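# Fold and contact review
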Amino acid sequence: EQILRLGFAVIDHRVSPEGPSDATDSWAESSEAILESLPVESAALESTRRLYRSIGLDPTKDRPSSERLLRGARRGRLPRRLHPLTDAMSLVSLAEQCPVGAYDCSRLSLPIVARLGRRDEIVAIDPDTTMQVGGRLVLADALGPFGNPSCDGLRARPTEATRRALVVVWLV
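Our subject in this report is the structure included herewith. Only a predicted model underlies this, so the values are computations on that prediction, with no experimental measurement involved.

Each value, and the rule that gives it
Here, residues in each chain are numbered from 1, in the same order as that chain's written sequence. This being a predicted model, a pLDDT of at least 70 is required before a residue's local features are given, and a value of 80 or more before pairs of side-chain atoms are given or counted; all residues contribute to the totals for chains, interfaces and linings. Values reported for side chains reflect all heavy atoms of the structure, with hydrogen atoms and water molecules removed beforehand. A run of DSSP states H or I qualifies as a helix once it reaches four residues; a run of E qualifies as a strand once it reaches two. Both are numbered from the N-terminal end. For each residue, the accessible area found with a 1.4 Å probe, counting protein chains only, is set against the maximum for its type, and the residue is called buried under 20%, exposed over 50%, and partly exposed in between. In what follows, a contact means two residues having at least one pair of non-hydrogen atoms within 4.5 Å. A 1.4 Å probe and the Shrake-Rupley method give the accessible areas. Residues count as covered only by the protein chains that appear here. For two strands to count as paired, DSSP must find a minimum of two bridges between them. The span you would expect from a helix comes to 1.5 Å times its residue count less one. The set of buried Ala, Val, Leu, Ile, Met, Phe, Trp, Tyr and Cys residues whose side-chain atoms join them within 4.5 Å is what this entry labels a nonpolar core. Angles here are taken between N-to-C directions and fall from 0 to 180 degrees, while the axes themselves are lines fitted to C-alpha atoms, restricted in helices to the stretch in contact.

The next point concerns the overall build of the protein. Looking only at helices and strands, one finds 4 helices and 8 strands in the protein. The secondary structure elements of the protein, listed N-terminal to C-terminal, are β-α-α-α-α-β-β-β-β-β-β-β. For the protein, the residues scored as buried account for 45% of the 172 residues in total. For the protein, contacts bridging at least 24 residues in sequence account for 71% of all contacts bridging at least 6. For the protein, the exposed surface amounts to about 9500 Å²; the carbon and sulfur share of it is 53%.

Pasting the structure below:
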């Protein structure tokens, strides 16, 4: 039985952290416009919750990133600005209500697979925080897990030096 589909794209160009001077206003306007157009409940969000339940995760405790973005936006908190590519994917995730991740290809080692995390695997979320990913859906390369539909890891996060990025959409 198929429980998950992944959409992906590779973006080949320099991803610059510099933006137009009105980027903050545009960011707020885009976020607010997306939020105004969203229904209270979405089929995509419910499908992702079902997926989590099907692998034994409680989606009210380990929320998909798209749901965390939505809940924050509904409370007046716009998604945190990290990097132009990551920021754009946050808006896509918010609009489509499915988790989306962006990863620096130069920091990944083939092959890349989607699988359940192994028992003792962890992902560094930031320099001070790790996430236990055993039993959770993960994206992994030859070096181990680097992202999942709840949170992406630090290792492959896009930076100013990113020239090629892998974008993954978790479709249910």
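Right, picking up where we left off after that structure.
One ladder, built from 4 bridges, connects strand 4 (residues 122–126) with strand 5 (residues 129–132); its direction is antiparallel. If you follow Ile-122 over to strand 5, its bridge partner there is Gln-132. In this antiparallel pair of consecutive strands, strand 4 and strand 5, the connection spans 2 residues.

Taking 1.5 Å of rise per residue, 12 residues should cover 16 Å, and helix 2 (residues 43–54) covers 16 Å from first to last C-alpha, within 8% of that figure. Within helix 2 the residues assigned to the buried category are Leu-45, Ser-47, Thr-48, Arg-49, Leu-51 and Tyr-52. Looking at the buried positions of helix 2, the neighbouring elements they touch are helix 3 (65–74) and strand 6 (137–141). Where helix 2 ends, the next residue or the one after it, Gly-56, has phi of about 90°, a positive value.

The next point concerns the nonpolar core. Membership of the largest hydrophobic core is limited to 11 residues, which are Leu-4, Leu-51, Tyr-103, Leu-108, Leu-137, Leu-139, Phe-146, Ala-156, Leu-166, Val-168 and Trp-170. For this core, the secondary structure elements donating two or more residues are strand 6 and strand 8 (164–171). Sorting elements by how many residues they give to this core places strand 8 first, with 3 residues. Sequence-distant contacts of Leu-108, that is, excluding residues within four places in its chain, are made with Tyr-103, Asp-141, Phe-146, Arg-155, Ala-156 and Leu-166.

Backbone-to-backbone hydrogen bonds pair the strands of a sheet. The strands run either parallel or antiparallel. Ordered by their spatial adjacency, 3 strands build an open sheet running 3-6-7, and the pairing between neighbours is antiparallel. The sheet is open, and its two borders are formed by strand 3 (113–116) and strand 7 (144–147), each paired with just one other strand. Across the sheet, the axes of successive neighbouring strands diverge by a mean angle of 55°, strand direction being ignored. Pairing analysis gives 3 bridges linking strand 6 to strand 7, with the strands arranged antiparallel. Its bridge partner being in strand 7, Ala-140 is matched across the sheet by Pro-145.

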